[in-house]
Amino acid sequence: MAEAPTDSPALDRELLRRECVAWTRHLLGVAPSPAVLERYVDAHRLGVVETPGSSGNFDRALVRLARGGGLSARLCDVHGRLFRPAGLLRRKLVLTLALLEVDAAAHAHVDESRGSSALGVLAGLAGRACLFVLLLLLGLFVFLPLRLLCAFTPSPAVPPARKGAP
Amino acid sequence: MKSLTLVGSGASAVHFAETALERGWRVTLLDVGRARPEHVGPELSFAGLKRSHPRASEYFLGPRFEGVLFPGAAGEYYGFPPHREYVFAGHAGQPWRAEGLEPLFSFARGGLAEAWTGAVFPFRDEELVDWPFGHDRLAPHYDTVARRIGVMGVEDDLAAFVPLHAHLEQPLDLDPHSRRLAERYGQVRGRLHGELGVYLGRSRAAVLGSARPGRGACEKKGRCLWGCPNDSIYSPLHSLRELEAHPEFQYRSGVLVQSFEVEDGGRVTAVHLRRADGTRERLPVERLVLAAGTLSSGRIVLESLARAGEPAPRLGGLMDNRQVLVPFVNLSMLGSPVEYESYQYHQLALGITPPPGRSGREYVHGLVTTLKSALIHPIAQSVPFDLRSALGLVREVHAALGLVNLNFHDTRRPGNALELDFSGGGRERGGESRLVIRYEPEPGEGARIADALGRVKRALWRLSCVVPPGMVHVRPMGASVHYAGTLPMSRTEEPRTTTESGRLRGFANLWLADGSTFPFLPAKNLTFTLMANASRLACEDF
């Protein structure tokens, strides 16, 4: 029988909403709709975001830093792509992108194609690659000491995914 | 009146039933038959759903986010929306264990073809050398099935590898990316043929360009993968609806056929059913036709042999097409806008000839799908950039992305088999068995894949496309869902084979009408041949 989920004591809905706003601004430069915010919280309530392998101390630290948005979020996104590709931050970002691309208010920002020239696309690709490398190097100065610090701190337990419909 | 009992409601079963009814038989069809949910917002396109449907998020991603592809997710991503999971949902009465193959089962009304891409590619003589007959015996049934289901196609360079048949309808206009590929192919085709042995042509597809009773014409809503709301893409479900209107047809859903009962002399007298509520039933039969798919039909045969006292029944020769996914970027399409209102599946196909000196049956077949409407988050996360940069890049290259799905042939080998494992309960205690599936690829498969892949990459380059490094994906066995070969048709009297008319040797009134009977599995999608062969079988002993 389906079980109606209830908020776990550890679930901070306001923090999750702020997080979702930060990720949406980082990805699309706009604010999320109330429907996206609600679904983002739902996903956490159902326990589908955090998994034991994705939620170590360093993963949580990356999420905390990325919540600041702007350059901080960009650095964390770059570092996470290479060093924690299936980590908590990436899972939260991918969830946000999935919610945005099917959202009435945001999907056009995800789906739009600007219709640039092939040369423009290739130049953009080269620019992105250069920026990625630059941010990666910059991030290493911040994240390597952080990783060391996190390695010596005990990890919190991850609650199992909840069964039942939302 | 003569009557037969048929098991399954997939592509083979419904066409066997239709032909048998035409020939004056009374048909009872037994099926688990999980029903397809109603289409969500059937009037809306892919983009329209996102734009205006209040429950678009639940539709695409699922109420429990089953449709979100999180990073690090195990297994293959099929991209089916959660509301289509019923097609592949398992059954408590059919536990299984597999080694070397990741099987997919279907207990849906309409079977696995509820999720096919409509690919229609008849087999030719070179691919039927292990079969007890040639293309001429199947040809009239290809015609019949094409008339029933509606097939689009034209005569072009692929006709050398894909025989033509009657009732071919005019195909849909090509989407801009496919059109660009076809135009470029026209400029380089001589070199592709001569130097690489690669041919390109229009894909043949069971899709309607004009409406028929109960099915609408393709309106290019871009929802093929999510379940065509117009029912333009053929599904056995459409045939089943028509069959249900026939006075001599009875459809009984909610039952799982577990085994049959045999009396001395090899006559099947009854089938044993498990109802949805878990209760059992014995149903007498006059003639029994198994068309539940290779794995499920094989299981019924194994269970029945075990019930009859055979200590360790086994069916060898299991086959499946290896598939290799080759993503590409068409440089000439970079920066182009995406046309979301498109037919979503393959509109082009590739024929790759065998290497010199090799048999014609080693032909490799490829489906070319250009990316139109699609969920972006699975693609963006696979790009080796941070997600923000990846999203920007995907937006710009979206219209230039495409995928070749290469199919490779398979042969029957004794080690690839279906067996039963009673260790969980023990048959003497009435316990349930577990289907055991064993599969090992053919030695030399790697070299065959490497040869075809090398030629396809070079051909794509000539078509102005590049294959991004490290992106080629060899799918696990089982992913193609083209299972076949465990009870093959044979001219010679051997145990565990069927006659040319599909009757299982050793049994007086038991026929197989699905992929179990294929003695060789060509590289092509097999569904159209499943339907044609089932129709043929219903003409031979019935």
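Model, not experiment: these values are computed from the prediction.

## Some thoughts on the overall build of chain B
Part 1 of the argument: The helix and strand tally for chain B stands at eleven helices and 21 strands.
Part 2 of the argument: Since a compact globule built from 542 residues should have a radius of gyration of about 24 Å, the 23 Å found for chain B is in line with a globular shape.
Part 3 of the argument: Residues classed as buried in chain B amount to 64% of the 542 residues present.
Part 4 of the argument: Partitioning the contacts of chain B with sequence separation of at least 6, the portion at a separation of at least 24 is 74%.
Part 5 of the argument: Roughly 19,100 Å² of accessible area belongs to chain B as shown, and the carbon and sulfur atoms make up 51% of that amount.
Part 6 of the argument: Here chain B contributes 63 positively and 60 negatively charged side chains, and the mean placements of these two sets differ by 2 Å.

## Examining the sheet that holds strand 7 (residues 249-253) of chain B
Residues and elements named next belong to chain B.
Part 1 of the argument: Spatial ordering of the open sheet is given by 7-2-1-11-21, a layout of five strands whose pairing is parallel. The open sheet has two free edges, formed respectively by strand 7 and strand 21 (510-512), since each of these has just one partner strand. The average undirected angle you get between the axes of adjacent strands in this sheet is 20 degrees.
Part 2 of the argument: Sheet topology note: the strand 1 (residues 3-7)/strand 2 (residues 26-31) ladder contains five bridges and is parallel.

## Here's the deal with the packing of helix 1 (residues 11-22) of chain B against helix 11 (residues 527-540) of chain B
All names here are of chain B.
Part 1 of the argument: Between helix 1 and helix 11, whose axes approach to 8 Å, the crossing angle comes to 30 degrees. Here helix 1 runs over helix 11; the crossing is right-handed. Each of Ala11, Ser12, His15, Phe16, Thr19 and Ala20 in helix 1 lies in contact with helix 11, whose residues at this interface are Thr527, Leu530, Met531, Ala534, Ser535, Leu537, Ala538 and Cys539.
Part 2 of the argument: The class makeup of the residues in the contact of helix 1 with helix 11 is nine nonpolar, five polar and no charged.

## Observations regarding the environment of B:Thr497
Residue and element names in this part refer to chain B.
Part 1 of the argument: If you trace the backbone, threonine 497 turns up in the loop between strand 20 (473-474) and strand 21.
Part 2 of the argument: C-alpha separation for the pair threonine 497 and serine 516, spaced 19 residues apart in sequence, amounts to 9.5 Å.
Part 3 of the argument: With near-sequence residues (within four places) excluded, threonine 497 lies in contact with Pro488, Ser490, Thr492, Arg503, Leu504 and Arg505.
Part 4 of the argument: Reaching out from threonine 497, the side chain makes a polar contact with the side chain of arginine 505 at a distance of 2.8 Å.

## Here we look at unusual backbone geometry
Part 1 of the argument: Positive phi outside glycine occurs at B:His167, with the angle close to 65 degrees.
Part 2 of the argument: Relative to the assigned elements, B:His167 resides in the loop between strand 4 (151-152) and strand 5 (168-169).

## So, empty space enclosed by the protein
Residue and element names in this part refer to chain B.
Part 1 of the argument: Under the counting rule described, the total for this entry stands at six cavities of 30 Å³ or more.
Part 2 of the argument: By volume, the largest cavity amounts to about 170 Å³.
Part 3 of the argument: Lining the largest cavity are 20 residues, with Arg36, Arg84, Glu114, Gly227 and Cys228 positioned closest to its centre.
Part 4 of the argument: Split into classes, the residues belonging to the lining of the largest cavity amount to ten nonpolar, five polar and five charged.
Part 5 of the argument: Contributing to the lining of the second largest cavity are 16 residues, with Cys218, Lys220, Lys221, Cys224 and Cys228 lying nearest its centre.

## Notes on the interface of chain B and chain A
Part 1 of the argument: Taken together, the contact pairs 45 residues of chain B with 48 residues of chain A.
Part 2 of the argument: Both faces combined, the contact of chain B with chain A buries some 4,100 Å², and carbon together with sulfur accounts for 60% of it.
Part 3 of the argument: Here chain B is connected to chain A by three salt bridges.
Part 4 of the argument: Between A:Arg128 and B:Glu396 there is a salt bridge, and its shortest N-O distance comes to 3.5 Å.
Part 5 of the argument: Where chain B packs against chain A, one counts 20 residue pairs in polar contact (both at pLDDT 80 or more).

## Examining helix 7 (residues 118-151) of chain A
Part 1 of the argument: Along helix 7 of chain A, the helix axis deviates most sharply at A:Leu140, where the bend reaches about 40 degrees.
Part 2 of the argument: Every buried residue of helix 7 of chain A is accounted for by A:Val121, A:Arg128, A:Phe132, A:Leu135, A:Leu136, A:Gly139, A:Phe143, A:Leu146 and A:Cys150.
Part 3 of the argument: Buried residues along helix 7 of chain A sit against helix 3 (57-66) and helix 4 (70-83) of chain A together with helix 9 (387-397) of chain B.

## Notes on the nonpolar core
Part 1 of the argument: B:Leu6, B:Phe16 and B:Phe60 are the most contacted members of the largest nonpolar core, which has 139 residues in total.
Part 2 of the argument: Dropping the residues within four chain positions of it, B:Phe16 is found in contact with B:Leu4, B:Leu6, B:Val289, B:Ala513, B:Ala534, B:Leu537, B:Ala538 and B:Phe542.

## Quick look at a nonpolar patch on the surface
Part 1 of the argument: On the surface, a nonpolar cluster with roughly 310 Å² of combined accessible area is contributed by A:Leu65, A:Phe141 and A:Val142.
Part 2 of the argument: By secondary structure assignment, the location of A:Leu65 is in helix 3.

## Focus on the environment of B:Gly278
Part 1 of the argument: By the secondary structure assignment, B:Gly278 is in the loop between strand 9 (267-275) and strand 10 (280-284).
Part 2 of the argument: Taking the C-alpha atoms as reference points, B:Gly278 and B:Ala92, 186 residues apart in sequence, are found 9.8 Å from one another.

## Overview of the confidence of the model for chain A
Caution applies to low-pLDDT regions: their predicted coordinates should not be interpreted in detail.
Residue and element names in this part refer to chain A.
Part 1 of the argument: In this model, chain A carries an average pLDDT of 85, and 86% of its residues clear a pLDDT of 70 or more.
Part 2 of the argument: Ranking the elements of chain A by mean pLDDT puts helix 7 last, at 88, and helix 5 (residues 88-101) first, at 97.
Part 3 of the argument: Contacts of residues 1-6 to residues separated by more than four positions or lying in other chains number 14 contacts, the stretch itself having pLDDT below 50.
Part 4 of the argument: Under a pLDDT of 50 for its full length, residues 162-166 has, in the predicted model, 21 contacts with residues more than four places off or in other chains.

What counts and how
Residues numbered from 1 in each chain as written. Chains lettered and ligands numbered in written order. Predicted model: local features only at pLDDT ≥ 70, side-chain atom pairs only at ≥ 80, totals over all residues. Heavy atoms only, no water. Helix = DSSP H or I, 4+ residues; strand = E, 2+ residues; numbered from the N terminus. Rg over C-alpha atoms; globule rule 2.2 N^0.38 Å. Buried < 20%, exposed > 50% of the residue type's maximum accessible area, 1.4 Å probe, protein only. Contact = heavy atoms within 4.5 Å. Areas by Shrake-Rupley, 256 points an atom, 1.4 Å probe, with all protein chains shown as cover. Lys, Arg positive; Asp, Glu negative; His and termini not counted. Charge placed at Lys NZ, Arg CZ, Asp CG, Glu CD. Pairing = 2+ DSSP bridges. Axes fitted to C-alpha atoms, helices over the stretch in contact; angles between N-to-C directions. Left-handed = near helix turned anticlockwise from the far one by under 90°. Nonpolar A, V, L, I, M, F, W, Y, C, P; charged D, E, K, R; others polar. Polar contact = N/O pair within 3.5 Å; in protein donor to acceptor, adjacent residues only side chain to side chain. 1 Å grid on protein atoms, 1.4 Å probe; cavity = no way out; pocket = protein on both sides within 12 Å on 5 of 7 lines; lining within 4 Å. Points joined across faces, edges and corners; volume = space filled by probe spheres on them. Buried area = accessible area lost by both parts, 1.4 Å probe. Salt bridge = Lys/Arg side-chain N within 4 Å of Asp/Glu carboxyl O. Bend = angle between axes of the 7 residues up to and from the residue. Core = buried A, V, L, I, M, F, W, Y, C linked by side-chain atoms within 4.5 Å. Patch = residues over 30% accessible without salt bridge, like charges linked within 9 Å, V, L, I, M, F, W, Y side chains within 5 Å. pLDDT = per-residue confidence, 0-100.

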